[in-house]
Amino acid sequence: MAITFEQVNFSYGAGTTLANPILHDINITIADHQVTAVIGQTGSGKSTLIQHLNGLLKPTTGQVIVDDLIVTNTTKEKQLTKLRAKVGMVFQFPENQLFANTVLEDVMYGPLNFGYKTDEAKQSAQSALKMVNVAENLWQKSPFELSGGQMRRVAMAGALASNPDIVVMDEPAAGLDPKGQAELLALVSNLKEAGKLVVFISHQMDHVVSVADQVIVMQDGHVAAQGTPADVFNRDIDWFKSVNLDLPRAGQFAEQLRANGVSLSRRPLTLAELATMINEEYEHE
């Protein structure tokens with residue numbers, strides 16, 4: 001179930017004197033059964049781009065194709081309901097989506113909304129809560145009694161409970177402690193292993209290189225680059241400065257070594273890879 005953007009342009013207030021163009025001529029394909037990271041400086045168009053994936057926004061011109069569904073500026077709300085059953089969306093602060101009296105009721109809402117019977121919705125909600133490690137003794141509590149990290153996992157369970165083919169996450173690690181971040185990255189890997197297409201926005205390049213198969217770089221509403229992490233993060237250092245992006249920590253260390261006369265054959269993605277490359281360099285001396 002690949003996702004394709006064909007000549008997509010988007011403006012807030014399109015057709016008015018207050019029109020604010022955000023996306024410009026987007027032509028990309030997001031591969032199925034892979035994890036794709038969308039990166040770029042604040043205001044580059046990342047969130048606007050991913051809100052097209054489940055019809056929260058529709059292209060001003062062009063089209064977005066998700067499986068056999070085509071979304072254009074004229075697509076009706078009824079057709080978008082079918083799309084949203086395929087795409088689970090986790091917003092930047094998903095805990096703000098919580099509203100029900102109990103955790104279980106909150107997570108059941110999505111399946112019920114998509115036509116599940118009550119017993120089916122309950123079973124799906126329970127499976128999703130287990131997937132994101134929400135303890136069973138919390139299921140009958142109000143979601144607003146939980147810690148921030150627990151609330152975030154409940155909101156994620158709500159997006160997963162309908163078993164969508166595509167999972168989209170906007171800065172899912174924002175505000176999480178290191179343990180919570182590690183659990184999130186493990187969840188992303190598990191979703192990929194379960195056959196999901198996962199798209200996530202991140203400002204943390206180490207997260208990107210640890211789980212992403214593909215990277216899309218946004219700049220000023222344009223796609224500045226798309227490729228594997230190795231392709232993207234081995235671009236010239238001046239290019240990174242031009243798009244205001246940091247390298248992963250391993251790449252930063254490699255650049256410091258280069259400045260001190262230690263040249264590596266490529267820019268490593270992880271600290272483990274950097275250590276291996278340094279050892280190999282010394283072995284050949």
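Everything discussed here concerns the structure shown above.
Residues numbered from 1 in each chain as written. Predicted model: local features only at pLDDT ≥ 70, side-chain atom pairs only at ≥ 80, totals over all residues. Heavy atoms only, no water.

Q: What is the right way to read the pattern of salt bridges from this model?
A: Oppositely charged side chains are able to pair whenever their charged atoms sit close together. Tallied over the entire structure, the rule returns eight salt bridges. One salt-bridge network, in which partners are shared between bridges, spans E255, R258 and R267. (Salt bridge = Lys/Arg side-chain N within 4 Å of Asp/Glu carboxyl O.)

Q: How do you make sense of the sheet that holds strand β4 (residues 61–66) when you look at a structure like this?
A: Adjacent strands of a sheet pair through backbone hydrogen bonds, lying either parallel or antiparallel. The four strands lie next to each other as β2-β1-β4-β5, forming an open sheet whose pairing is antiparallel. In this open sheet, the two strands that pair with only one neighbour each are β2 (20–30) and β5 (69–71). This sheet shows a mean twist of 25 degrees between the axes of neighbouring strands, independent of strand direction. For strand β1 (residues 3–12) and β2, the ladder comprises seven bridges, and the chain directions are antiparallel. Opposite V8, over in β2, you have I26 as the bridge partner. Across the face of the sheet, helix α2 (residues 77–86) comes into contact with β4 and β5 while running at roughly 115 degrees to β5. (Pairing = 2+ DSSP bridges. Helix = DSSP H or I, 4+ residues; strand = E, 2+ residues; numbered from the N terminus. Axes fitted to C-alpha atoms, helices over the stretch in contact; angles between N-to-C directions. Contact = heavy atoms within 4.5 Å.)

Q: Even after reading the chapter, I still don't get the sheet that holds strand β8 (residues 197–201), so can you show me in this structure?
A: Taken together, the six strands give an open sheet; going across it, the order is β6-β7-β8-β3-β9-β10, and neighbouring strands pair in mixed fashion. If you trace the sheet from one side to the other, it starts and ends with β6 (87–90) and β10 (222–227), each paired once. This sheet shows a mean twist of 15 degrees between the axes of neighbouring strands, independent of strand direction. As defined by bridge partners, strand β7 (residues 166–170) adjoins β8 across five bridges and the pair is classed as parallel. The residue of β8 that forms the bridge with D170 is I201. Along the sheet face, helix α6 (residues 178–193) touches β3 (35–39), β7 and β8 and points at about 160 degrees away from the line of β7.

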